[in-house]
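# Chain and residue survey
Each chain, letter by letter, is given below.
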Amino acid sequence: MSRESGKIGEDAAVKFLRRRGYEIIERNYRGARYEVDIIAREGAVLSFIEVKTRAPGKSLSGAEAVGREKQRRIAQAAQHYLLTHPREQSSVCRFDVVLLEAEAGKKPKAKELLKNAFQ
């Protein structure tokens, strides 16, 4: 996926999350060996969110596409974020996935929010 199409997907995910009451804290939080698409707050919960875009009818779901290695890198990003943001260290945290669907040539649409997706 290109950087531009990734941004369009993340923009759609941000709108979707805001409609559900999430406060967006950071986007594209990255380090040398880790990254997370969105960090957001839902009430008292700090959520580290991966955005996955798929074509309609694709057999591999976005949730399945977040494999162990990707989960590990997102967890590393979360650890680093908490270490560098002391006021957040007492927050309840979780890992969510926003699934988007995009037909060729059309903007992606958010289809599903998977809370606690790494359990």
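Our structure is the block above this text.
To start, this report covers the structure provided alongside it. (Residues numbered from 1 in each chain as written. Predicted model: local features only at pLDDT ≥ 70, side-chain atom pairs only at ≥ 80, totals over all residues. Heavy atoms only, no water.)

### Re the packing of aromatic side chains
Short version of the rule: When two rings of Phe, Tyr or Trp (its six-membered ring) have centres within 6.5 Å they constitute a pair, described as stacked for plane angles under 30 degrees, edge-to-face for angles over 60, and tilted for the intermediate range. Helix and strand labels come from DSSP, where a helix needs a run of H or I of at least four residues and a strand needs a run of E of at least two; each type is numbered from the N terminus. Burial status follows relative accessibility: with a 1.4 Å probe on protein chains alone, a residue under 20% of its type maximum counts as buried, one over 50% as exposed, and anything between as partly exposed.
On inspection of all chains with the given rule, the structure shows 5 aromatic pairs. Between the aromatic rings of F48 and F95, the centroid separation amounts to 5.9 Å while the plane-to-plane angle is 35°, which identifies the pairing as tilted. Placement of F48 in strand β3 (residues 45–54) and of F95 in strand β4 (residues 92–101) is noted, with a sequence separation of 47 residues between them. In this structure F48 comes out as buried when scored by relative accessible area, which is 0%. Linked through ring pairs, Y29, Y34, F48, Y81, F95 and F118 together constitute an aromatic cluster.

### Quick word on the pairing of strand β2 (residues 35–42)
For the record, the criterion: Paired strands are those between which DSSP finds at least two bridges.
Within β2, 7 of the 8 residues are buried, which leaves it mostly tucked inside the rest of the structure. Here strand β1 (residues 23–30) runs beside β2; their pairing, made up of 6 bridges, is antiparallel. Bridge pairing links R27 to I38 in β2. In this structure, the hairpin formed by β1 and β2 is closed by a connection of 4 residues. In terms of strand pairing, β2 meets β3 through 5 bridges, oriented antiparallel. Among the inter-strand pairings, I38 is bridged to a residue of β3, identified as I49.

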